[in-house]
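Descriptive analysis of the structure
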Protein chains: 6
Amino acid sequence: MTPASRPGPILVINPNSNEAVTAGLDAALEGFRRAGAPAIECVTLREGPFGIESQAQGDLLIAPLLRLVESRPDAGAIVIACYSDPGLDSVRSITRAPAFGIQESGVLAAMARGDRFGVVAISGGSVGRHRRYMRRMGVLDRCAGDRPLDMTVDESARGEATFGRLVEVGQALIGDGAEALILGCAGLARHRAPLEAELGVPVIDPTQAAVGAALLAVVV
Amino acid sequence: MTPASRPGPILVINPNSNEAVTAGLDAALEGFRRAGAPAIECVTLREGPFGIESQAQGDLLIAPLLRLVESRPDAGAIVIACYSDPGLDSVRSITRAPAFGIQESGVLAAMARGDRFGVVAISGGSVGRHRRYMRRMGVLDRCAGDRPLDMTVDESARGEATFGRLVEVGQALIGDGAEALILGCAGLARHRAPLEAELGVPVIDPTQAAVGAALLAVVV
Amino acid sequence: MTPASRPGPILVINPNSNEAVTAGLDAALEGFRRAGAPAIECVTLREGPFGIESQAQGDLLIAPLLRLVESRPDAGAIVIACYSDPGLDSVRSITRAPAFGIQESGVLAAMARGDRFGVVAISGGSVGRHRRYMRRMGVLDRCAGDRPLDMTVDESARGEATFGRLVEVGQALIGDGAEALILGCAGLARHRAPLEAELGVPVIDPTQAAVGAALLAVVV
Amino acid sequence: MTPASRPGPILVINPNSNEAVTAGLDAALEGFRRAGAPAIECVTLREGPFGIESQAQGDLLIAPLLRLVESRPDAGAIVIACYSDPGLDSVRSITRAPAFGIQESGVLAAMARGDRFGVVAISGGSVGRHRRYMRRMGVLDRCAGDRPLDMTVDESARGEATFGRLVEVGQALIGDGAEALILGCAGLARHRAPLEAELGVPVIDPTQAAVGAALLAVVV
Amino acid sequence: MTPASRPGPILVINPNSNEAVTAGLDAALEGFRRAGAPAIECVTLREGPFGIESQAQGDLLIAPLLRLVESRPDAGAIVIACYSDPGLDSVRSITRAPAFGIQESGVLAAMARGDRFGVVAISGGSVGRHRRYMRRMGVLDRCAGDRPLDMTVDESARGEATFGRLVEVGQALIGDGAEALILGCAGLARHRAPLEAELGVPVIDPTQAAVGAALLAVVV
Amino acid sequence: MTPASRPGPILVINPNSNEAVTAGLDAALEGFRRAGAPAIECVTLREGPFGIESQAQGDLLIAPLLRLVESRPDAGAIVIACYSDPGLDSVRSITRAPAFGIQESGVLAAMARGDRFGVVAISGGSVGRHRRYMRRMGVLDRCAGDRPLDMTVDESARGEATFGRLVEVGQALIGDGAEALILGCAGLARHRAPLEAELGVPVIDPTQAAVGAALLAVVV
């Protein structure tokens, strides 16, 4: 943090237009809200797609995302709450506020909780993208596995079946050698604590990880 | 976090016996203390050496460190506040509370603030140890450089000259390609904000980084 | 190539709106044009920026770039002729035609001409982006250095001084251990052969490298 | 390319003495032959072994290979058409003409067609050699798998069964995460297009890849 | 070796207090004892734990280990004969005599006997520690696998069943791609030669490897 | 070692035809000769070149080298005493006796003596080959530097000036971060001990390292 004065809010941007997702993020971050601490404000990117499941959808929302960031010069820090970290490099290039992506933050948080981590992906299609991203981060040797739930974002969100599937995939990742797990999606936070209790290894919610990193960046 | 109830305090252990260092840590962490948030308690390892400047000193304090950790089953999380992360693996093996080392946490925090980071070491002798540790972490490709202040811990602590030297070494690291800097010592926190302002790149205090990671680990 | 019939043209897209750059690309690719071979068609992305010097500029042109690609289902292969490879992942996700970025292709071509290669960047600001990209490619150990001309794209294009500066930077890269050089910009092709003659090491024009890769992909 | 005049032919050397293999190479390269383009001339190393299946066979043919190269100072570029790239370093050390190995070129071509590639080896014995070679190239993180057909070169060449086995092994590699495949032998080119059509991922013939690279190196 | 005079003995320290293990080491090293060669002296760390199965046990023996090393300034070289290499960095920091850990030495010896090696661990709990150690060494790409016997140290030592289990695990590692095997424990030396004969690949006893390295270090 | 009977001699092959070099090897290995230990026999490859300074020279001696190896089925182990490790893979493929190259062995020995090592090359031309070889070994992160004496093999062998130049280059490598040094040539053994005494860091003679590794491989 550069300013000596009270920092502005941590702006958590849900880059899809689904307000229910934003509400879920808001709930997941309740534990970070304290009197006197920086505010945590969750906003919806109204011009974003309803869901983000492809590379192109992620890239095409960068234009409205940058406009949103520019409209909020008061933000003390910015979190982009989609596991593909869309537009993160661009956001960093247009603002001096620290900016965080949830994939990057989730991976870094997991690296302090186990020597190797596993990633629970929503769909098989994202596994390759995650791997490319972790290679770019230079941390591929720390990843024990990346396995999909094989659900749509929508199914995983509603999901009576979601928790059972998370347990299955989590156990497979532990078998791969994972000592900590990352939920590879912004919308699974409510399963974090129960999954950690069930599996006995740390489970990281990536949005919480990014907000934790943002709080560090703005602390005086 | 495992318990559903309120988590115990984050125990920040200064593994040397210098109470002034503990007091400095306490001050550096003020910004994380909030009503309702987990307490942050800084303690001195009385049986530790007065300063930790060698591998052997770090290894020999593990015995009293483990006793201290065992005497505090109430701790919600543990931070070992010496940049060589002494005893971190052992502490992790004897407690279920999440445990953090400040070197590991400092490096991970820096990786979200710049593609490559630089480390400000106290003395030349620690540069090789840092490098070995970062290789173990699998993140060596992200380190642009590790340069010493060439001061004793004592000089750097008192130090009218310390800030000037930090600026010099920081500029050299930026020349190496560093986009963020890590203060490679538990006792330099008060220089963090001024150095960041002077150099124009993020500067990470590793103890703050570890406490930030600990808060994430215990948030409900 | 999948189709047994004659493949469509190799579409070389200049993603900035500067027609002079497109004309330069067209000239640089003359040597690949043969009777009976796939056509090589250079087009300008009219909605692109006049020059691309920032991350945001590269990301913001993805929307019109995807529209251009979608308007040309006849293309046998696609080359994005800007060294930051803007939109490459997205283009690949929306078309079955093989798509190539010139940074990726330039690096891969250089890896067959020397054990370590050097990159001539236009400005210092792009060096970090190149490095991140090469880490993502997993080839960082093959890069001996990346050094800037410290010119604007415009200066380098007009540039009486450009060739002299290329020689200087090329020699420095050879001193770093480079056995082959990559011109890190789409607009330097006319200097390739003279620079290779002057320095005595292979010099790669990345647009030619990408078109070479595209011709391979469409050959029957 | 250094000379300003018309480059000499691309000399594709089959380093075994089996003329049928040379004829197959000749056919596979037909698509690169164009009026006005550099000639592509396939030659047999008469003093080579009838087949190359061991490290020693590959090393022992270097002597006649170097004599052949020395006898052809007119060559514009040289391709060594055996997947173990025998003598490549030596050839490079005795000629100024650009020289290419088909393993190296095949791997580099595949890296522009998918984030991770798979290699179809002829026999299990070559898998370890491939891996060592890719580690030397520094690209091991990009290889999803290397699986053998478990055939002799001879069986694979005659092979009614070959295509079926290629499909099986290709599918297994796709299951490993491969997004592109490399035919790990000089003699499988006629299966490239049908296999690509069958499997739906790019399939690289390494000799075509090397000739593509050679054409780039000699283009004016 | 620095001194021109006859070097002192190679001190092989069994860091646990089990004299039977020391006797086993003594027998395993018989083949290195020659008239005129440096003596090889196996000693028991009486203050060590009876067995070393956890990180904390390894760290807590460093204090008496350093005292033992300091009490033997006559030692020409030092070998710490426990596969977790406890206290190796500390020992190196307090003595000028060359010091060797058996994990490090075992891995390095295996790297000259096969491109990829496999490690036979005693228990599953040590696999992660081995991996972290090999990453620190920077050699993870050479490890084909690390598989546990799933025995206690005690069972493996008495073990009629031990050899059969070694064969099973060794075969699995060969299936993983291992071309050489390392016995991941100080107490399995008597199985080395029979296992090598049975499996047909080199099998490394790590204590022998460390003593071999020590002899090199003290040879004139 | 496979045979239960007394192992045959360790055959140290000087692959050049210079008998003076063989005599030097013989002297350098004196310290390993003990009553009852395996014999160490140094032989000259009479059909080798007088000196080996290029890739082609190294490759062309493989044919007579393999004949020599085949003529000595009694050898217990084989050492190829030229720092470019010519023919090592081929030798390994034709004999069951363990075979060692001095570059590989020198690097592995150095890795037990310092976290990072430096290599003293004879000429600048070999630096790139060393680097490629260390990348193939997967140990490049452990190399702090590789610097040439800039002498011919002949000059370095006669060399009154050699020791002074070794000190200069050694100091530069220590400045690069090297904690141990490797003499990158078979003919510098007599300088090992004096250089180690002068510079205060371990200095590895690679032929001694390979013979040490061979003795380990044949010990019962």
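Residues numbered from 1 in each chain as written. Chains lettered and ligands numbered in written order. Predicted model: local features only at pLDDT ≥ 70, side-chain atom pairs only at ≥ 80, totals over all residues. Heavy atoms only, no water.

Some remarks on the overall build of chain A
Each helix and strand counted, chain A has 10 helices and 8 strands in total. Computed over C-alpha atoms, the radius of gyration of chain A comes to 16 Å, within 12% of the 17 Å expected from 2.2 N^0.38 for 220 residues, which places it in the range of a compact globule. The C-alpha extent of chain A, read off along each of the three principal axes, is 50 × 35 × 35 Å. Taking as baseline every contact in chain A between residues at least 6 positions apart, the subset at least 24 positions apart corresponds to 67%. Here chain A contributes 21 positive and 25 negative side-chain charges, whose respective centroids are spaced 4 Å apart. (Helix = DSSP H or I, 4+ residues; strand = E, 2+ residues; numbered from the N terminus. Rg over C-alpha atoms; globule rule 2.2 N^0.38 Å. Contact = heavy atoms within 4.5 Å. Lys, Arg positive; Asp, Glu negative; His and termini not counted. Charge placed at Lys NZ, Arg CZ, Asp CG, Glu CD.)

Brief notes about the pairing of strand β6 (residues 143-148) of chain C
Residues and elements named next belong to chain C. Where burial is concerned, most of β6 is hidden: 5 out of the 6 residues are buried. The pairing of strand β5 (residues 117-121) with β6 spans 5 bridges and is parallel. What sits directly across from Ala121, in β6, is Pro148. Regarding topology, helix α6 (residues 124-137) serves as the crossover connection from β5 to the parallel β6, and that connection is right-handed. (Buried < 20%, exposed > 50% of the residue type's maximum accessible area, 1.4 Å probe, protein only. Pairing = 2+ DSSP bridges. Right-handed = clockwise from strand over helix to strand, strands pointing away.)

Here we look at the pattern of salt bridges
Enumeration over the complete set of coordinates arrives at 84 salt bridges over all chains. Across the pair Glu196 of chain A and Arg192 of chain A runs a salt bridge, and its minimum N-O distance is 2.9 Å. Of the two residues, Glu196 of chain A and Arg192 of chain A are both situated in helix α9 (residues 192-199); the distance of 4 residues between them amounts to about one turn of the helix. Residue Arg132 of chain B pairs with Asp89 of chain E through a salt bridge whose shortest N-O separation is 3.5 Å. One end of the pair, Arg132 of chain B, is in helix α6 (residues 127-137); the other, Asp89 of chain E, is in helix α4 (residues 88-94), on a second chain. Considered together, Arg132 of chain B and Asp89 of chain E belong to a single accessibility category, that of buried residues. (Salt bridge = Lys/Arg side-chain N within 4 Å of Asp/Glu carboxyl O.)

Quick look at the relation of the copies chain A and chain B
Once chain A has been moved 0.0 Å along the axis and rotated by 180 degrees, it coincides with chain B to within an RMSD of 0.0 Å. Interpreted geometrically, this transformation is the action of a two-fold axis. Looking at chain A, 100% of its interface residues are interface residues in chain B too, so the copies touch through the same face. (Least-squares fit on C-alpha atoms with pLDDT ≥ 70 in both.)

Regarding the packing of helix α8 (residues 162-175) of chain E against helix α9 (residues 192-199) of chain E
Residue and element names in this part refer to chain E. In contact at an axis separation of 10 Å, α8 and α9 are set at 50 degrees when each is read in the N-to-C sense. Considering their axes alone, α8 and α9 lie oblique with respect to each other. In this structure, the crossing between α8 and α9 has a hand that is right-handed. Across the interface between the two elements, Phe163, Leu166, Val167, Gly170, Gln171 and Ile174 from α8 touch Pro194, Leu195, Glu198 and Leu199 from α9. Along the lines of polarity and charge, the residues of the contact of α8 with α9 split into 7 nonpolar, 2 polar and 1 charged. (Axes fitted to C-alpha atoms, helices over the stretch in contact; angles between N-to-C directions. Parallel < 35°, antiparallel > 145°, perpendicular 65-115°, else oblique. Left-handed = near helix turned anticlockwise from the far one by under 90°. Nonpolar A, V, L, I, M, F, W, Y, C, P; charged D, E, K, R; others polar.)

Considering helix α1 (residues 19-28) of chain B
Residue and element names in this part refer to chain B. Of the residues making up α1, those classed as buried are Thr22, Leu25 and Ala28. Each buried residue of α1 sits inside an arc of 120 degrees when the element is viewed along its axis, so together they form one side. Exposed residues on α1 whose side chains face more than 90 degrees from its buried face are Ala20 and Ala27. Where α1 is buried, its residues meet β1 (10-14), β2 (40-44) and α10 (206-218). (Arc of directions from axis to C-beta.)

Remarks on the interface of chain F and chain D
Listed as interface residues are 16 residues of chain F and, on the opposing side, 16 residues of chain D. For the pair chain F and chain D, the summed buried surface comes to about 1,300 Å²; carbon and sulfur atoms form 63% of the total. Per-residue buried area on chain F facing chain D is highest for Arg132, Arg135 and Arg136 of chain F; these three make up 33% of the total on that side. Connecting chain F to chain D are 2 salt bridges. Counting across the chain F and chain D interface gives 5 residue pairs in polar contact (both at pLDDT 80 or more). Among the secondary structure elements, those contributing two or more residues to the side of chain F that touches chain D are α2 (55-60), α3 (62-70), α4 (88-94) and α6 (124-137) of chain F. (Buried area = accessible area lost by both parts, 1.4 Å probe. Polar contact = N/O pair within 3.5 Å; in protein donor to acceptor, adjacent residues only side chain to side chain.)

Concerning the relation of the copies chain F and chain D
Once turned by 180 degrees and shifted 0.0 Å along the axis, chain F lies on chain D with an RMSD of 0.0 Å. A shared binding surface is used by both copies, with 100% of the interface residues of chain F retained as interface residues in chain D.

Quick word on empty space enclosed by the protein
In the structure shown here, the tally under the stated rule is 5 cavities of 30 Å³ or more. Of the voids in this model, the largest cavity is the one considered here, and its volume is about 720 Å³. Surrounding the largest cavity, 31 residues form its lining, Asp141 of chain A, Asp141 of chain C, Asp141 of chain D, Asp141 of chain E together with Asp141 of chain F being those nearest its centre. When grouped by side-chain class, the residues that make up the lining of the largest cavity number 13 nonpolar, 6 polar and 12 charged. (1 Å grid on protein atoms, 1.4 Å probe; cavity = no way out; pocket = protein on both sides within 12 Å on 5 of 7 lines; lining within 4 Å. Points joined across faces, edges and corners; volume = space filled by probe spheres on them.)

Here we look at the sheet that holds strand β3 (residues 77-80) of chain A
All names here are of chain A. Reading across the sheet, the 4 strands line up as β2-β1-β3-β4 and stay open at both edges, with parallel pairing between neighbours. Edge strands, defined here as strands with exactly one partner in the open sheet, are β2 (40-44) and β4 (99-101). Averaged over all adjacent pairs, the angle separating strand axes in this sheet is 20 degrees, with direction ignored. Here strand β1 (residues 10-14) pairs with β3 via 4 bridges, running parallel.

Description of the domain arrangement of chain A
Residues and elements named next belong to chain A. What the domain assignment reports for chain A is domain 1 (10-101 + 208-219) and domain 2 (103-204). Domain 1 and domain 2 are separated by 20 Å when their C-alpha centres are compared. With 17 residues of domain 1 in contact, the opposing surface of domain 2 contributes 21 residues. A per-residue breakdown of the area domain 1 buries against domain 2 is headed by Glu53, Tyr83 and Ala209, which together make up 44% of the total. Counting the contacts that link domain 1 with domain 2 gives 2 salt bridges. Its salt-bridge partner being Asp89, residue Arg136 comes within 2.8 Å of it at the nearest N-O pair. At the surface where domain 1 touches domain 2, the tally comes to 10 residue pairs in polar contact (both at pLDDT 80 or more). Mapped by element, the contributors of at least two residues to the side of domain 1 that touches domain 2 are α1 (19-28), α4 (88-94), β4 and α10 (206-218). Residue contributions to the side of domain 1 that touches domain 2 peak at 4 residues, all from α10. Looking at side-chain class alone, the side of domain 1 that touches domain 2 contains 9 nonpolar, 4 polar and 4 charged residues. (Domains from an automatic or database assignment.)

As for the interface of chain A and chain B
Each partner contributes to the interface: chain A provides 31 residues, whereas chain B provides 32 residues. When chain A packs against chain B, the two sides together hide about 2,800 Å² of surface, and 56% of this comes from carbon and sulfur. One can count 6 residue pairs in polar contact (both at pLDDT 80 or more) joining chain A with chain B. Elements that contribute at least two residues to the side of chain A that touches chain B include exactly β4, α5 (102-110), α9 and α10 of chain A. Of the residues belonging to the side of chain A that touches chain B, the class tally is 19 nonpolar, 5 polar and 7 charged.

Quick word on the side chain of Glu104 of chain E
Structurally, Glu104 of chain E is set in helix α5 (residues 102-110). With near-sequence residues (within four places) excluded, Glu104 of chain E lies in contact with Asp85, Leu88, Arg92, Tyr133 and Met137 of chain E together with Met111 and Ala112 of chain F.

Topic: the sheet that holds strand β8 (residues 203-204) of chain C
All names here are of chain C. A sheet is described by the order of its strands in space; here 4 strands give the open sequence β6-β5-β7-β8, paired in parallel fashion. The sheet terminates laterally at β6 and β8, the two strands that pair on one side only. Alignment of strand β7 (residues 180-183) against β8, held across 2 bridges, turns out to be parallel. For Ile182, the partnering residue across the bridge sits in β8 and is Ile204. Contacting β5, β7 and β8, helix α5 (residues 102-110) runs over the sheet at an angle of about 165 degrees to β7.

What about the packing of α5 of chain E against helix α10 (residues 206-218) of chain E?
Residue and element names in this part refer to chain E. Relative to each other, α5 and α10 sit at 85 degrees, their axes nearing to 7 Å. Taken together, the axis directions place α5 and α10 in an arrangement best described as roughly perpendicular. Along the contact surface, α5 presents Ile102, Ser105, Gly106 and Ala109, while α10 presents Pro206, Thr207, Ala209, Ala210 and Ala213. Its residues placed into classes, the contact of α5 with α10 shows 6 nonpolar, 3 polar and no charged.

Overview of the side chain of Asp59 of chain C
Residue position: Asp59 of chain C is located in helix α2 (residues 55-60). Buried Asp59 of chain C, no salt bridge; nearest opposite-charge side chain is Arg132 of chain C, N-O distance 8.1 Å. Within the local environment of Asp59 of chain C, its side chain forms a polar contact with the side chain of Ser90 of chain A, the two groups lying 2.5 Å apart. Not counting the four nearest positions on each side in its chain, Asp59 of chain C is found in contact with Ile62 and Ser90 of chain A.

Thoughts on the arrangement of the chains
With no contact between them, chain C and chain E keep their nearest C-alpha atoms 14 Å apart. Considering only C-alpha positions, the minimal separation of the non-contacting chain A and chain F is 14 Å.

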